[in-house]
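# Overview (structure and organization)
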Amino acid sequence: MSEAAPGYRMVVVGASAGGLYALRTLIAGLPADFEMPVVIVQHRAKESELLCELLQECTPLRVTEVMDKQEIGPGVFIGPPDYHLLVDEGSFALSTDDPVRYSRPSIDVMFQSAAETYGMDTVGVVLTGANQDGAAGLRQIADAGGHCVVQDPETAEVRVMPRSALKAVPEACVLPLEQIGPHLAGIRGRHVPPCPPQPA
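Scoring rules and cut-offs
Residues numbered from 1 in each chain as written. Predicted model: local features only at pLDDT ≥ 70, side-chain atom pairs only at ≥ 80, totals over all residues. Heavy atoms only, no water. Helix = DSSP H or I, 4+ residues; strand = E, 2+ residues; numbered from the N terminus. Buried < 20%, exposed > 50% of the residue type's maximum accessible area, 1.4 Å probe, protein only. Areas by Shrake-Rupley, 256 points an atom, 1.4 Å probe, with all protein chains shown as cover. Lys, Arg positive; Asp, Glu negative; His and termini not counted. Charge placed at Lys NZ, Arg CZ, Asp CG, Glu CD. Axes fitted to C-alpha atoms, helices over the stretch in contact; angles between N-to-C directions. Left-handed = near helix turned anticlockwise from the far one by under 90°. Contact = heavy atoms within 4.5 Å. Nonpolar A, V, L, I, M, F, W, Y, C, P; charged D, E, K, R; others polar. Phe/Tyr/Trp six-rings, centres within 6.5 Å; stacked < 30°, edge-to-face > 60°. Pairing = 2+ DSSP bridges. Core = buried A, V, L, I, M, F, W, Y, C linked by side-chain atoms within 4.5 Å.

This paragraph deals with the overall build of the protein chain. From N to C terminus, the protein chain includes 6 helices and 9 strands. The C-alpha extent of the protein chain, read off along each of the three principal axes, is 40 × 35 × 30 Å. By residue count, 53% of the 200 residues in the protein chain fall in the buried class. Carbon together with sulfur atoms contributes 52% to the accessible area of the protein chain, which is approximately 8,900 Å² in total. Side-chain charges in the protein chain split into 14 positive and 25 negative, and the spacing between the mean points of these groups amounts to 4 Å.

In structure tokens, the structure reads:
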């Protein structure tokens, strides 16, 4: 990856049940000149092949399914089905290690690798889903000083995953789905203060 200005360097996004609509809404809110890579893990079946095409319809940013050792740059990157997606310095890696929380790809695995590699320069986003995947990884991003965003459970098709993320990271920014893309566009290139804790 080319040398970036001080500030956030990567957005990592996790979604599960209900994720297609949520992902399309999020990336539609990003401008054409959005420079931070947006790296997505969506729980999906092995035979699922259309996610990239369905997301590309919503954005001028290039949407690609990740290949092993692929270089990281601007654009939207989708973890392929049945592989864990890992983030290294400047490139991706794919793994066939055992599923985590019955999932491969695992949101936690991707979030944790991003936190270990990019630390406070990471933005983590948890969207709709029916399990707890992503909560532990988002906590690691928060502990590394990164910025954490969770879809308001009231706007999620399935509320379990965002609620689990908020239980793990109560200081995360909670935003309605339609506001997440514009929020990411507004913070690029700079670190922002943490959001206030959410009411219990």
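Okay, the packing of helix α1 (residues 19–28) against helix α6 (residues 177–187) next. Two numbers describe how α1 lies on α6: the axes approach to 7 Å, and their chain directions differ by 40°. Relative to α6, the crossing made by α1 is right-handed. On the side of α1, the interface is formed by Y21, A22, T25 and L26, while α6 contributes L177, E178, I180, G181 and L184. When grouped by side-chain class, the residues that make up the contact of α1 with α6 number 6 nonpolar, 2 polar and 1 charged.

Evaluation of the coordinates by the stated rule reveals 1 aromatic pair. Relative to F92, the ring of F77 has its centre 5.1 Å away and its plane inclined at 50°; by these criteria the two rings are tilted. Residue F77 is located in strand β4 (residues 76–78), and its partner F92 is located in strand β6 (residues 92–95); the two are separated by 15 residues in the primary sequence. Taken individually, F77 and F92 each receive the classification buried, so the pair is uniform in this respect.

Moving on: the sheet that holds strand β7 (residues 122–126). The 7 strands lie next to each other as β3-β4-β2-β1-β7-β8-β9, forming an open sheet whose pairing is parallel. The sheet terminates laterally at β3 (63–65) and β9 (173–175), the two strands that pair on one side only. Going across the sheet, the axis of each strand differs from the next one's by a mean of 20°, ignoring polarity. Relative to strand β2 (residues 38–42), strand β1 (residues 10–15) runs parallel, the two being bridged by 5 bridges. What sits directly across from V12, in β2, is V39. α6 rests against β1, β7, β8 (147–151) and β9 of the sheet, and its axis sits at about 160° to β8.

Take the nonpolar core next. Grouped together as the largest cluster of nonpolar side chains are 32 residues, with contacts concentrated most on V11, V13, L26, V125, L127, I180 and L184. Of all elements in the fold, only β1, α1, β2, α2 (51–56), β4, β7, β9 and α6 reach the threshold of two or more residues within this core. Contacts of L26, omitting those with residues within four sequence positions, involve V13, V125, L127, I180, G181 and L184.

A separate point is unusual backbone geometry. At the junction of R104 and P105, the peptide bond is cis and its omega measures out at 15° in the coordinates. Located in the positive-phi region is K69, a residue other than glycine, with phi close to 70°. Within the element layout of this structure, K69 appears in the loop between β3 and β4. Classification of K69 as exposed rests on a relative accessible area of 61%.

From the geometry alone we can't say anything about function, so treat these as descriptive.
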